[in-house]
Amino acid sequence: MKHLIVSTNQRFFCEKETNKPFFYLADTAWELFHRCTLGEAEIYLKDRAAKGFTVIQVVVLAECDGLNDPGHAGALPLLNNDPTTPNEAYFSHVDAIVALANSLGLVIGMLPSWGDKWNKLWGVGPEIFTPENARIYGKFIGNRYKNSDIIWILGGDRSIESEEHRKIIDQMALGLHEGDNGVHLHTFHPPGPHGSSDFLPWETSWIDFHLWQSGHSRNRDNYNSIAKDYANNPKKPVMDAEPGYEDHPAGFNLDNGYLDDFDCRKSAYWSIFAGACGHTYGCHPIWQMWLPGRHAHSWCRRPWTEAIHLPGSGQMQYLKKLVLSRPYFSRIPDQNLIISENEESTKHLQATRDSDGSYMFIYSPGPNKFTLNLEKLSGETLQCWWYDPRTGNSLDAGVLPRARSHEFTTPNVGPDWVLVIDDASKNYRRPGV
(Lines give C-alpha, C1' and ligand atoms only; values in the text may rest on other atoms or scores of the structure.)
Protein backbone atom coordinates (compact mmCIF):
# COMPACT_ATOMS: atom_id res chain seq x y z
CA MET A 1 0.00 0.00 0.00
CA LYS A 2 1.20 3.52 -0.81
CA HIS A 3 1.08 5.43 2.48
CA LEU A 4 0.68 9.00 1.23
CA ILE A 5 1.29 11.94 3.54
CA VAL A 6 1.64 15.71 3.30
CA SER A 7 5.23 16.83 2.81
CA THR A 8 7.09 18.50 5.67
CA ASN A 9 6.67 21.95 4.10
CA GLN A 10 2.87 21.35 3.95
CA ARG A 11 2.70 22.05 0.20
CA PHE A 12 2.89 18.68 -1.56
CA PHE A 13 2.42 14.92 -1.12
CA CYS A 14 4.99 12.19 -0.68
CA GLU A 15 5.24 8.51 0.17
CA LYS A 16 5.81 8.14 3.91
CA GLU A 17 8.32 5.33 3.76
CA THR A 18 10.61 6.87 1.14
CA ASN A 19 9.73 10.58 1.07
CA LYS A 20 9.43 10.13 -2.70
CA PRO A 21 7.33 12.90 -4.29
CA PHE A 22 3.79 11.90 -5.20
CA PHE A 23 2.37 14.08 -7.93
CA TYR A 24 -1.43 13.98 -7.80
CA LEU A 25 -2.38 13.76 -11.47
CA ALA A 26 -5.99 12.62 -11.59
CA ASP A 27 -8.61 11.74 -14.12
CA THR A 28 -12.32 12.10 -13.36
CA ALA A 29 -14.26 8.86 -13.73
CA TRP A 30 -17.16 9.53 -11.39
CA GLU A 31 -19.32 6.69 -12.81
CA LEU A 32 -16.65 3.99 -13.13
CA PHE A 33 -17.96 1.72 -10.34
CA HIS A 34 -21.59 2.22 -11.29
CA ARG A 35 -21.61 2.09 -15.09
CA CYS A 36 -18.67 -0.13 -16.05
CA THR A 37 -18.11 -3.85 -16.04
CA LEU A 38 -14.76 -5.04 -14.74
CA GLY A 39 -13.65 -5.61 -18.33
CA GLU A 40 -14.58 -2.07 -19.34
CA ALA A 41 -12.85 -0.71 -16.25
CA GLU A 42 -9.70 -2.59 -17.22
CA ILE A 43 -9.65 -0.96 -20.67
CA TYR A 44 -10.03 2.48 -19.12
CA LEU A 45 -7.60 2.02 -16.22
CA LYS A 46 -4.81 0.56 -18.36
CA ASP A 47 -5.12 3.53 -20.71
CA ARG A 48 -4.86 6.01 -17.84
CA ALA A 49 -1.94 4.22 -16.20
CA ALA A 50 -0.07 4.22 -19.52
CA LYS A 51 -0.63 7.99 -19.79
CA GLY A 52 0.98 8.71 -16.44
CA PHE A 53 -2.07 9.37 -14.27
CA THR A 54 -1.61 8.60 -10.59
CA VAL A 55 -5.16 9.08 -9.21
CA ILE A 56 -8.62 8.16 -10.50
CA GLN A 57 -11.53 10.06 -8.90
CA VAL A 58 -14.57 7.79 -8.54
CA VAL A 59 -17.90 7.85 -6.63
CA VAL A 60 -19.29 4.88 -4.71
CA LEU A 61 -22.92 6.09 -4.44
CA ALA A 62 -22.95 7.56 -7.91
CA GLU A 63 -24.59 10.64 -9.40
CA CYS A 64 -26.49 9.01 -12.29
CA ASP A 65 -29.27 7.43 -10.19
CA GLY A 66 -26.62 5.40 -8.43
CA LEU A 67 -28.98 4.31 -5.64
CA ASN A 68 -31.75 2.89 -7.82
CA ASP A 69 -30.13 1.92 -11.13
CA PRO A 70 -27.83 -1.12 -10.85
CA GLY A 71 -26.04 -0.12 -14.04
CA HIS A 72 -23.22 -2.44 -15.07
CA ALA A 73 -22.31 -3.02 -11.45
CA GLY A 74 -25.22 -5.47 -11.58
CA ALA A 75 -26.48 -4.66 -8.10
CA LEU A 76 -27.67 -1.72 -6.05
CA PRO A 77 -25.15 -0.37 -3.51
CA LEU A 78 -27.48 -0.32 -0.49
CA LEU A 79 -30.37 -2.47 0.70
CA ASN A 80 -33.51 -0.34 0.92
CA ASN A 81 -31.38 2.80 0.34
CA ASP A 82 -30.11 2.46 3.90
CA PRO A 83 -26.46 3.50 4.40
CA THR A 84 -26.17 1.08 7.32
CA THR A 85 -27.00 -1.93 5.12
CA PRO A 86 -24.50 -2.01 2.23
CA ASN A 87 -25.04 -4.62 -0.48
CA GLU A 88 -22.14 -7.08 -0.63
CA ALA A 89 -22.71 -7.78 -4.33
CA TYR A 90 -22.15 -4.14 -5.26
CA PHE A 91 -19.15 -3.68 -3.01
CA SER A 92 -17.53 -6.83 -4.36
CA HIS A 93 -17.64 -5.12 -7.77
CA VAL A 94 -16.06 -1.98 -6.26
CA ASP A 95 -13.42 -4.16 -4.57
CA ALA A 96 -12.40 -5.68 -7.89
CA ILE A 97 -12.02 -2.31 -9.63
CA VAL A 98 -10.07 -0.81 -6.71
CA ALA A 99 -7.73 -3.82 -6.67
CA LEU A 100 -7.22 -3.58 -10.43
CA ALA A 101 -6.45 0.14 -10.25
CA ASN A 102 -4.00 -0.37 -7.38
CA SER A 103 -2.27 -3.19 -9.27
CA LEU A 104 -1.65 -0.71 -12.09
CA GLY A 105 -0.09 1.81 -9.68
CA LEU A 106 -3.21 4.01 -9.52
CA VAL A 107 -4.61 5.48 -6.32
CA ILE A 108 -8.41 5.74 -6.10
CA GLY A 109 -9.67 9.18 -5.07
CA MET A 110 -12.84 7.73 -3.57
CA LEU A 111 -15.99 9.74 -2.94
CA PRO A 112 -18.12 7.67 -0.55
CA SER A 113 -21.21 9.40 -1.97
CA TRP A 114 -22.25 12.05 -4.45
CA GLY A 115 -23.61 15.16 -2.75
CA ASP A 116 -27.23 14.72 -3.83
CA LYS A 117 -27.53 11.97 -1.23
CA TRP A 118 -27.17 14.54 1.60
CA ASN A 119 -28.15 17.84 -0.13
CA LYS A 120 -30.16 17.17 -3.27
CA LEU A 121 -30.48 20.73 -4.68
CA TRP A 122 -30.59 19.13 -8.14
CA GLY A 123 -30.07 15.68 -9.56
CA VAL A 124 -31.73 12.41 -8.60
CA GLY A 125 -30.99 11.86 -4.92
CA PRO A 126 -32.74 10.87 -2.72
CA GLU A 127 -31.30 12.33 0.45
CA ILE A 128 -30.51 9.32 2.65
CA PHE A 129 -27.89 10.54 5.12
CA THR A 130 -28.15 11.67 8.71
CA PRO A 131 -25.15 12.38 10.96
CA GLU A 132 -25.72 9.01 12.65
CA ASN A 133 -25.86 6.79 9.57
CA ALA A 134 -23.12 8.82 7.81
CA ARG A 135 -20.69 7.80 10.55
CA ILE A 136 -21.73 4.14 10.33
CA TYR A 137 -21.38 4.15 6.55
CA GLY A 138 -18.05 5.97 6.75
CA LYS A 139 -16.68 3.43 9.23
CA PHE A 140 -17.82 0.56 7.01
CA ILE A 141 -16.23 1.91 3.86
CA GLY A 142 -13.10 3.09 5.68
CA ASN A 143 -12.53 -0.34 7.15
CA ARG A 144 -13.24 -2.09 3.86
CA TYR A 145 -10.53 -0.15 2.01
CA LYS A 146 -8.08 0.47 4.85
CA ASN A 147 -5.40 -1.59 3.08
CA SER A 148 -6.04 -0.16 -0.40
CA ASP A 149 -4.40 2.80 -2.13
CA ILE A 150 -7.11 5.37 -1.43
CA ILE A 151 -7.57 9.12 -0.93
CA TRP A 152 -10.92 10.04 0.67
CA ILE A 153 -12.88 12.81 -1.04
CA LEU A 154 -16.03 13.86 0.78
CA GLY A 155 -18.69 16.24 -0.49
CA GLY A 156 -19.57 15.54 -4.09
CA ASP A 157 -20.40 18.80 -5.88
CA ARG A 158 -22.82 20.21 -3.28
CA SER A 159 -22.82 23.16 -0.88
CA ILE A 160 -22.91 22.80 2.88
CA GLU A 161 -25.98 24.94 3.58
CA SER A 162 -26.97 23.97 7.12
CA GLU A 163 -25.62 22.71 10.40
CA GLU A 164 -27.16 19.33 9.58
CA HIS A 165 -25.14 19.15 6.36
CA ARG A 166 -21.99 20.04 8.27
CA LYS A 167 -22.65 17.33 10.83
CA ILE A 168 -23.22 14.73 8.10
CA ILE A 169 -19.89 15.52 6.45
CA ASP A 170 -17.98 15.70 9.75
CA GLN A 171 -19.46 12.41 10.96
CA MET A 172 -18.73 10.63 7.69
CA ALA A 173 -15.13 11.86 7.91
CA LEU A 174 -14.93 10.62 11.51
CA GLY A 175 -16.30 7.24 10.46
CA LEU A 176 -13.73 6.94 7.68
CA HIS A 177 -10.97 7.74 10.15
CA GLU A 178 -12.26 5.14 12.60
CA GLY A 179 -12.54 2.56 9.85
CA ASP A 180 -9.08 2.93 8.32
CA ASN A 181 -7.21 4.01 11.48
CA GLY A 182 -6.37 7.34 9.87
CA VAL A 183 -3.98 5.96 7.26
CA HIS A 184 -5.44 7.84 4.26
CA LEU A 185 -5.60 11.50 3.27
CA HIS A 186 -8.95 13.35 3.38
CA THR A 187 -10.41 16.31 1.49
CA PHE A 188 -13.73 17.82 0.32
CA HIS A 189 -15.00 18.24 -3.26
CA PRO A 190 -17.03 21.48 -3.53
CA PRO A 191 -19.47 22.73 -6.17
CA GLY A 192 -18.10 25.14 -8.75
CA PRO A 193 -16.79 27.71 -8.94
CA HIS A 194 -15.85 27.33 -5.26
CA GLY A 195 -13.18 25.96 -2.98
CA SER A 196 -13.65 23.60 -0.07
CA SER A 197 -12.69 26.41 2.29
CA ASP A 198 -15.82 28.30 1.19
CA PHE A 199 -17.83 25.69 3.13
CA LEU A 200 -15.49 24.31 5.78
CA PRO A 201 -13.04 26.27 7.93
CA TRP A 202 -9.54 26.23 6.51
CA GLU A 203 -8.16 24.66 9.67
CA THR A 204 -10.74 21.81 9.76
CA SER A 205 -8.78 19.04 11.43
CA TRP A 206 -9.80 16.18 9.14
CA ILE A 207 -9.00 18.07 5.91
CA ASP A 208 -5.44 17.30 4.86
CA PHE A 209 -5.63 19.38 1.68
CA HIS A 210 -8.14 21.73 0.10
CA LEU A 211 -9.78 21.49 -3.32
CA TRP A 212 -11.22 23.88 -5.87
CA GLN A 213 -13.75 23.20 -8.58
CA SER A 214 -12.89 26.00 -10.98
CA GLY A 215 -15.68 24.83 -13.29
CA HIS A 216 -16.35 24.32 -16.96
CA SER A 217 -15.87 27.77 -18.45
CA ARG A 218 -13.09 28.80 -20.80
CA ASN A 219 -10.11 30.77 -19.43
CA ARG A 220 -11.29 30.48 -15.82
CA ASP A 221 -8.59 32.18 -13.71
CA ASN A 222 -7.94 29.20 -11.45
CA TYR A 223 -4.45 30.58 -10.77
CA ASN A 224 -6.07 33.32 -8.65
CA SER A 225 -8.07 30.74 -6.69
CA ILE A 226 -4.99 28.63 -6.03
CA ALA A 227 -2.93 31.69 -5.07
CA LYS A 228 -5.58 32.78 -2.57
CA ASP A 229 -5.56 29.45 -0.78
CA TYR A 230 -1.78 29.08 -1.05
CA ALA A 231 -1.48 32.22 1.09
CA ASN A 232 -3.71 30.83 3.87
CA ASN A 233 -2.48 29.66 7.26
CA PRO A 234 -1.90 27.09 8.56
CA LYS A 235 -0.27 25.89 5.36
CA LYS A 236 -2.13 23.09 3.57
CA PRO A 237 -1.79 21.75 0.04
CA VAL A 238 -4.37 23.00 -2.46
CA MET A 239 -5.35 21.95 -5.97
CA ASP A 240 -7.96 22.30 -8.71
CA ALA A 241 -9.83 18.98 -8.66
CA GLU A 242 -12.43 19.91 -11.29
CA PRO A 243 -11.44 22.36 -14.03
CA GLY A 244 -13.10 22.52 -17.42
CA TYR A 245 -13.44 19.07 -18.94
CA GLU A 246 -12.17 18.30 -22.41
CA ASP A 247 -15.11 17.94 -24.85
CA HIS A 248 -17.49 19.81 -22.50
CA PRO A 249 -19.54 22.76 -23.82
CA ALA A 250 -17.75 25.87 -22.53
CA GLY A 251 -19.89 27.45 -19.85
CA PHE A 252 -22.62 24.85 -20.55
CA ASN A 253 -23.40 26.82 -23.72
CA LEU A 254 -23.08 25.26 -27.18
CA ASP A 255 -22.62 28.73 -28.69
CA ASN A 256 -19.22 28.84 -26.95
CA GLY A 257 -18.02 25.62 -28.55
CA TYR A 258 -16.47 22.66 -26.75
CA LEU A 259 -13.45 22.86 -24.47
CA ASP A 260 -10.38 21.23 -26.00
CA ASP A 261 -6.87 20.09 -25.09
CA PHE A 262 -5.55 23.68 -25.12
CA ASP A 263 -8.14 24.65 -22.51
CA CYS A 264 -7.11 21.66 -20.41
CA ARG A 265 -3.41 22.53 -20.64
CA LYS A 266 -4.05 26.12 -19.56
CA SER A 267 -5.95 24.99 -16.48
CA ALA A 268 -3.24 22.51 -15.56
CA TYR A 269 -0.16 24.71 -15.99
CA TRP A 270 -1.82 27.80 -14.53
CA SER A 271 -2.80 25.98 -11.35
CA ILE A 272 0.40 24.00 -10.83
CA PHE A 273 2.64 27.01 -11.41
CA ALA A 274 0.44 29.04 -9.02
CA GLY A 275 1.33 26.58 -6.24
CA ALA A 276 -1.07 23.64 -6.55
CA CYS A 277 0.05 20.26 -5.22
CA GLY A 278 -1.46 18.41 -8.16
CA HIS A 279 -4.15 18.64 -10.78
CA THR A 280 -7.20 16.82 -12.09
CA TYR A 281 -7.95 16.40 -15.78
CA GLY A 282 -11.50 15.63 -16.84
CA CYS A 283 -13.29 14.61 -20.02
CA HIS A 284 -17.04 15.06 -20.43
CA PRO A 285 -17.94 11.63 -21.89
CA ILE A 286 -15.61 9.87 -19.44
CA TRP A 287 -16.88 11.21 -16.11
CA GLN A 288 -20.32 9.82 -17.04
CA MET A 289 -18.94 6.75 -18.86
CA TRP A 290 -21.36 7.52 -21.66
CA LEU A 291 -22.28 4.96 -24.29
CA PRO A 292 -25.11 5.07 -26.86
CA GLY A 293 -28.42 4.14 -25.28
CA ARG A 294 -27.72 5.99 -22.04
CA HIS A 295 -28.90 9.45 -21.07
CA ALA A 296 -26.24 11.95 -22.19
CA HIS A 297 -25.62 14.79 -19.75
CA SER A 298 -24.98 18.30 -21.11
CA TRP A 299 -24.66 17.58 -24.84
CA CYS A 300 -22.22 14.72 -24.55
CA ARG A 301 -21.33 13.89 -28.14
CA ARG A 302 -19.12 10.78 -28.23
CA PRO A 303 -18.77 7.49 -26.30
CA TRP A 304 -16.19 7.18 -23.57
CA THR A 305 -14.42 4.43 -25.52
CA GLU A 306 -13.61 7.04 -28.17
CA ALA A 307 -13.04 9.91 -25.73
CA ILE A 308 -10.16 8.15 -23.96
CA HIS A 309 -8.11 8.94 -27.08
CA LEU A 310 -8.70 12.71 -27.07
CA PRO A 311 -5.32 14.51 -26.95
CA GLY A 312 -5.68 16.34 -23.61
CA SER A 313 -5.44 13.19 -21.51
CA GLY A 314 -2.18 12.15 -23.11
CA GLN A 315 -0.66 15.60 -22.68
CA MET A 316 -1.11 15.78 -18.90
CA GLN A 317 1.84 13.46 -18.33
CA TYR A 318 4.21 16.05 -19.78
CA LEU A 319 3.38 18.48 -16.99
CA LYS A 320 4.06 15.78 -14.42
CA LYS A 321 7.36 14.85 -16.09
CA LEU A 322 8.45 18.47 -16.22
CA VAL A 323 7.90 19.28 -12.54
CA LEU A 324 9.48 16.00 -11.46
CA SER A 325 12.57 16.71 -13.60
CA ARG A 326 13.74 19.45 -11.21
CA PRO A 327 13.91 19.76 -7.38
CA TYR A 328 10.31 19.17 -6.34
CA PHE A 329 9.58 20.11 -2.75
CA SER A 330 11.37 23.46 -3.01
CA ARG A 331 9.28 24.75 -5.93
CA ILE A 332 7.33 27.96 -5.18
CA PRO A 333 5.09 30.30 -7.21
CA ASP A 334 6.60 33.68 -8.07
CA GLN A 335 4.75 36.09 -10.37
CA ASN A 336 7.36 38.78 -9.62
CA LEU A 337 9.58 37.07 -12.16
CA ILE A 338 7.38 38.63 -14.85
CA ILE A 339 8.25 42.27 -15.50
CA SER A 340 6.16 42.95 -18.60
CA GLU A 341 2.40 43.43 -18.61
CA ASN A 342 0.56 40.21 -17.85
CA GLU A 343 -2.97 39.83 -19.19
CA GLU A 344 -5.91 38.31 -17.30
CA SER A 345 -6.94 36.43 -20.42
CA THR A 346 -6.05 33.44 -22.53
CA LYS A 347 -2.49 34.79 -22.77
CA HIS A 348 -1.93 34.96 -19.01
CA LEU A 349 1.65 34.07 -17.99
CA GLN A 350 2.22 31.97 -14.86
CA ALA A 351 5.60 31.62 -13.17
CA THR A 352 7.18 29.23 -10.69
CA ARG A 353 10.73 28.66 -9.54
CA ASP A 354 12.97 26.82 -7.14
CA SER A 355 13.18 28.65 -3.80
CA ASP A 356 16.98 28.40 -4.07
CA GLY A 357 16.95 29.84 -7.59
CA SER A 358 18.24 26.80 -9.46
CA TYR A 359 15.46 26.94 -12.08
CA MET A 360 12.30 28.72 -13.18
CA PHE A 361 9.33 27.71 -15.35
CA ILE A 362 7.15 30.23 -17.20
CA TYR A 363 3.95 29.01 -18.83
CA SER A 364 2.93 31.11 -21.83
CA PRO A 365 -0.39 30.31 -23.55
CA GLY A 366 0.95 32.55 -26.29
CA PRO A 367 2.02 33.35 -28.79
CA ASN A 368 3.69 35.86 -26.51
CA LYS A 369 6.57 38.26 -26.11
CA PHE A 370 7.45 38.93 -22.47
CA THR A 371 10.19 40.23 -20.20
CA LEU A 372 11.52 38.42 -17.12
CA ASN A 373 13.65 39.28 -14.12
CA LEU A 374 16.39 36.65 -14.03
CA GLU A 375 18.18 37.91 -10.92
CA LYS A 376 16.36 35.46 -8.64
CA LEU A 377 18.19 32.58 -10.29
CA SER A 378 21.36 31.36 -8.65
CA GLY A 379 23.75 30.96 -11.57
CA GLU A 380 25.75 33.55 -13.44
CA THR A 381 25.14 31.52 -16.59
CA LEU A 382 21.66 30.29 -17.47
CA GLN A 383 20.59 27.48 -19.78
CA CYS A 384 17.23 28.07 -21.49
CA TRP A 385 14.78 25.64 -23.08
CA TRP A 386 11.38 25.89 -24.74
CA TYR A 387 9.31 22.96 -23.51
CA ASP A 388 6.38 21.84 -25.66
CA PRO A 389 3.39 20.87 -23.45
CA ARG A 390 1.75 19.08 -26.40
CA THR A 391 4.59 16.62 -27.01
CA GLY A 392 6.91 16.74 -24.00
CA ASN A 393 9.84 17.65 -26.25
CA SER A 394 12.05 20.70 -25.87
CA LEU A 395 14.02 23.13 -27.99
CA ASP A 396 17.43 24.43 -26.93
CA ALA A 397 16.96 28.20 -26.44
CA GLY A 398 20.62 28.94 -25.74
CA VAL A 399 22.73 30.21 -22.86
CA LEU A 400 22.35 33.63 -21.26
CA PRO A 401 24.11 35.65 -18.60
CA ARG A 402 21.97 36.38 -15.55
CA ALA A 403 20.45 39.85 -15.95
CA ARG A 404 17.91 42.22 -14.41
CA SER A 405 15.70 41.79 -17.43
CA HIS A 406 15.56 39.80 -20.61
CA GLU A 407 12.92 39.60 -23.31
CA PHE A 408 11.70 36.27 -24.70
CA THR A 409 9.50 35.41 -27.66
CA THR A 410 7.72 32.07 -27.89
CA PRO A 411 8.44 29.84 -30.90
CA ASN A 412 6.24 30.54 -33.91
CA VAL A 413 4.36 27.24 -33.60
CA GLY A 414 2.09 26.58 -30.71
CA PRO A 415 0.08 28.16 -29.25
CA ASP A 416 1.47 27.45 -25.77
CA TRP A 417 4.99 26.85 -24.47
CA VAL A 418 6.86 26.56 -21.18
CA LEU A 419 10.11 28.49 -20.86
CA VAL A 420 12.55 26.54 -18.67
CA ILE A 421 15.57 28.46 -17.38
CA ASP A 422 18.20 26.62 -15.32
CA ASP A 423 21.27 27.61 -13.39
CA ALA A 424 23.69 26.11 -15.91
CA SER A 425 26.06 24.97 -13.15
CA LYS A 426 23.42 22.50 -11.89
CA ASN A 427 23.64 20.49 -15.11
CA TYR A 428 19.98 19.55 -15.03
CA ARG A 429 18.99 17.23 -17.81
CA ARG A 430 17.22 18.55 -20.83
CA PRO A 431 13.48 18.64 -20.10
CA GLY A 432 11.51 16.29 -22.26
CA VAL A 433 10.76 12.71 -23.09
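Procedures and definitions
Residues numbered from 1 in each chain as written. Predicted model: local features only at pLDDT ≥ 70, side-chain atom pairs only at ≥ 80, totals over all residues. Heavy atoms only, no water. Axes fitted to C-alpha atoms, helices over the stretch in contact; angles between N-to-C directions. Helix = DSSP H or I, 4+ residues; strand = E, 2+ residues; numbered from the N terminus. Parallel < 35°, antiparallel > 145°, perpendicular 65-115°, else oblique. Left-handed = near helix turned anticlockwise from the far one by under 90°. Contact = heavy atoms within 4.5 Å. Pairing = 2+ DSSP bridges. Core = buried A, V, L, I, M, F, W, Y, C linked by side-chain atoms within 4.5 Å. Buried < 20%, exposed > 50% of the residue type's maximum accessible area, 1.4 Å probe, protein only. Polar contact = N/O pair within 3.5 Å; in protein donor to acceptor, adjacent residues only side chain to side chain.

Re the packing of helix 7 (residues 261-273) against helix 10 (residues 311-324)
Remark: helix 7 packs on helix 10, axes separated minimally by 9 Å, with the N-to-C direction vectors making an angle of 25°. Accordingly, the angle class assigned to the pair helix 7 and helix 10 is roughly parallel. For the crossing formed where helix 7 meets helix 10, the hand is right-handed. Of helix 10, the residues touching helix 7 (which contributes Asp-261, Cys-264, Arg-265, Ala-268, Tyr-269, Ile-272 and Phe-273) are Pro-311, Gly-312, Gln-315, Met-316, Tyr-318, Leu-319, Leu-322 and Val-323.

Here we look at the sheet that holds strand 3 (residues 21-22)
Judged by pairing direction, the sheet is antiparallel, and its 3 strands sit side by side in the order 1-2-3 without closing on themselves. Two strands lie at the open edges of the sheet, namely strand 1 (4-6) and strand 3, each paired on one side alone.

Describing the nonpolar core
Considering soluble globular proteins, one finds that nonpolar side chains tend to be buried as a cluster. Core analysis: the largest hydrophobic core is formed by 108 residues, its most contacted members being Leu-32 and Met-110. Ignoring anything within four residues of it in the chain, the contact list for Met-110 reads Phe-33, Val-58, Val-60, Val-94, Val-98, Ile-141, Tyr-145, Ile-150, Ile-151, Trp-152 and Ile-153. If you look at the next biggest cluster of nonpolar residues, it comprises 18 residues, including Leu-337, Leu-349, Cys-384 and Leu-419.

Here we look at the side chain of Asn-133
Position of Asn-133 among the secondary structure elements: in helix 4 (residues 131-144). Looking at Asn-133, the relative accessible area reads 12%, which means it is buried. Among the polar contacts listed, one links the side chain of Asn-133 to the backbone oxygen of Ile-128, at a separation of 3.1 Å. Excluding anything up to four places from it in sequence, Asn-133 contacts Pro-83, Thr-84 and Ile-128.

Some thoughts on the sheet that holds strand 14 (residues 350-354)
With antiparallel pairing, the 6 strands of this open sheet are ordered in space as 13-14-15-20-17-18. Each edge of the sheet is formed by a strand with only one pairing partner; in this case those strands are strand 13 (331-333) and strand 18 (394-401). When the angles between neighbouring strand axes are averaged without regard to direction, this sheet yields 20°. The pairing of strand 17 (residues 381-387) with strand 18 spans 7 bridges and is antiparallel. When the bridges of strand 18 are listed, Leu-382 appears paired with Leu-400.

Focus on the packing of helix 6 (residues 222-230) against helix 7
Close contact between helix 6 and helix 7 brings their axes to 8 Å; oriented N to C, the two are set at 25°. If you check the angle between helix 6 and helix 7, you find them roughly parallel. Crossing of helix 6 against helix 7: the hand is right-handed. Contact residues: helix 6 offers Asn-222, Tyr-223 and Ile-226, while helix 7 offers Ser-267, Trp-270 and Ser-271.

Honestly, that's just the spatial picture; any functional story needs more than this.
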